[in-house]
Amino acid sequence: MAGFGWKLHGDGKNLRPGEVVKPDERLSWGRTAGLGAQHVVSMIGACFVAPVLMGLDPNLALMASGVATILFLLLTRGRIPSYLGSSLSFVGVAAVIAGQGGDAGTLTGALFVVGAALALCGVIIQVIGGKVIHAVLPPAVTGAVVMLIGFNLAPVTAGTYWPQDQWTALATMLFTGLALVVLRGFWARVAIFLGLVFGYVLSWVLDRTTGKIHSADGSGKVTDHWRIDFSGVADANWFGTPTFHAPSFEWSAILVALPVLVALIAENAGHVKAVGEMTGDPLDDKMGTAIAADGTASMLSTAVGGPATTTYAENIGVMAATRVYSTAAYWAAAGFAVLFGLCPKFGAVVAAIPGGVLGGITVILYGMIGLLGAQIWVRNKVDFSQPLNLVPAAAGVIIGIGGVLLKFTDNFELSGIALGTLIVLTGYHALRWLSKAAGTHRPALLDGGTTEYDTETGK
């Protein structure tokens, strides 16, 4: 199967308890369209939050996510049901590049290069085998990189979003946290989106009850201004194409973005394994293809001015809840996303989200990204009593989060995410080699894949 020709599952209408719809099957087209719409609702919050935080067009991001998903399904020949949405891993990169004076073209140029690198890594992994991922990126390294990517964003919240409306930010943060903890099922998966809606409505109410706020606006200038500016919504058309732009390439921006490659490989590998376990179809033979497909989709999206893409856990959650793994539902979701992207008024509403609301959301969102790194350590039982695990991770995280700068020349320097990742990755493998050479090596407590790799290669 190349992604088409689905078999009708039963009568296409009724599913018995515990019954599963496989990737090459489908329900009736009406039910398939409904499932596609559900996939869109589950991903749309994160999919448009990411471009808003990065200063990119949310309409283009939605359209690009639909096209990227179609490309992914074609390249994986319909074996891996997944949705590709806007990657939140680059939010910190966008903030750093903007701080260096880069524009949207500079950002998308850097993301394009990362997409190309990801596609190349996918090809190499497909040829060599998935165990190379565990060998080069053990959990001790991956967890540290993911952690510094998230926590490196803290100054963005504290310095840019939160000061625009601190009380709305606090209320939005509390509501979002409550929604994440209390809600269940589908509503829990869209808690971030619900937090945005709550903050949006609260800002609208405060504008009409308390008037203008005296605070920093989006540019950082302290003025009297409305929390929500709907002028762009009124001027936007109901139908139209998004704003496209070509990427531009600068080495300084590319070096800032490249470390995210580590997180993307780990994220894709985890998602492919999760889908394989749910569908009962081991997908290790398609691991490299899936990673290459994601990289290629990112290149396509960023080439026209959109964000990089990644497989979405939100949609994997929908599959787990419905037990419907049909790729036909993802084709339907992709179609809906493209249609949303053709509505500029929708994009204008998204662009009008107040900075204070984003402040409340990003406090939780950035922290969650950072703590995913700790989750990687915990799940893989990384032993920090061993210096080999402790020293590179400790040094890299502090350097990345603290903003340590390493200056090589007047025109070239490394700092933040890029320098932190370099320290963790090179530090781990260099210390591992040196400990073996000195005869003081104590095997690191890594996951099963790495242990098997070491045993097979005699390392």
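Now for a look at the structure at hand. (Residues numbered from 1 in each chain as written. Predicted model: local features only at pLDDT ≥ 70, side-chain atom pairs only at ≥ 80, totals over all residues. Heavy atoms only, no water.)

Turning to the overall build of the protein, a few remarks are in order. Counting its secondary structure elements, the protein contains 21 helices and eight strands. For the protein, the proportion of its 459 residues judged to be buried stands at 51%. Intrachain contacts of the protein at a sequence separation of at least 6 include 78% that bridge at least 24 residues. When the accessible surface of the protein is summed, it comes to about 19700 Å², and 66% of that surface belongs to carbon and sulfur atoms. (Helix = DSSP H or I, 4+ residues; strand = E, 2+ residues; numbered from the N terminus. Buried < 20%, exposed > 50% of the residue type's maximum accessible area, 1.4 Å probe, protein only. Contact = heavy atoms within 4.5 Å. Areas by Shrake-Rupley, 256 points an atom, 1.4 Å probe, with all protein chains shown as cover.)

Where nonpolar side chains cluster on the molecular surface, the patch consists of Leu120, Val123, Ile124, Val127 and Ile128 and spans about 500 Å² of accessible area. Tracing the backbone through its elements, the reader meets Leu120 in helix α4 (residues 104–128). (Patch = residues over 30% accessible without salt bridge, like charges linked within 9 Å, V, L, I, M, F, W, Y side chains within 5 Å. Salt bridge = Lys/Arg side-chain N within 4 Å of Asp/Glu carboxyl O.)

With that settled, consider the packing of helix α2 (residues 58–75) against helix α14 (residues 287–303). Axis angle and axis distance: for two packed helices, these are the angle between their axes and the distance between the axes, and together they describe the pair. Interhelical geometry of α2 versus α14 gives an angle of 150 degrees and a closest axis separation of 9 Å. Remark: the crossing between α2 and α14 carries right-handed chirality. Between α2, through Ala64, Val67, Ala68, Leu71, Phe72 and Leu75, and α14, the contact on the second element is made entirely by Thr289, Ala290, Ala293, Asp294, Thr296, Ala297, Leu300 and Ser301. Tallied by class, residues from the contact of α2 with α14 come to ten nonpolar, three polar and one charged. (Axes fitted to C-alpha atoms, helices over the stretch in contact; angles between N-to-C directions. Left-handed = near helix turned anticlockwise from the far one by under 90°. Nonpolar A, V, L, I, M, F, W, Y, C, P; charged D, E, K, R; others polar.)

Here we take up the packing of aromatic side chains. Scanning the entire structure with this criterion turns up three aromatic pairs. Note on Phe112 and Phe249: the rings are 6.0 Å apart at their centroids and 70 degrees apart in plane angle, and the pair reads as edge-to-face. Of this pair, Phe112 sits in helix α4 while Phe249 sits in the loop between α11 (231–235) and α12 (251–257), placing them 137 residues apart in sequence. Taking relative accessible area as the criterion, Phe112 reaches 22% and is therefore assigned partly exposed. An angle of 5 degrees between the planes, with centres 4.3 Å apart, marks the rings of Phe175 and Phe198 as stacked. Taken as a pair, Phe175 in helix α8 (residues 166–182) and Phe198 in helix α10 (residues 191–210) lie far apart in primary sequence, 23 residues in all. (Phe/Tyr/Trp six-rings, centres within 6.5 Å; stacked < 30°, edge-to-face > 60°.)

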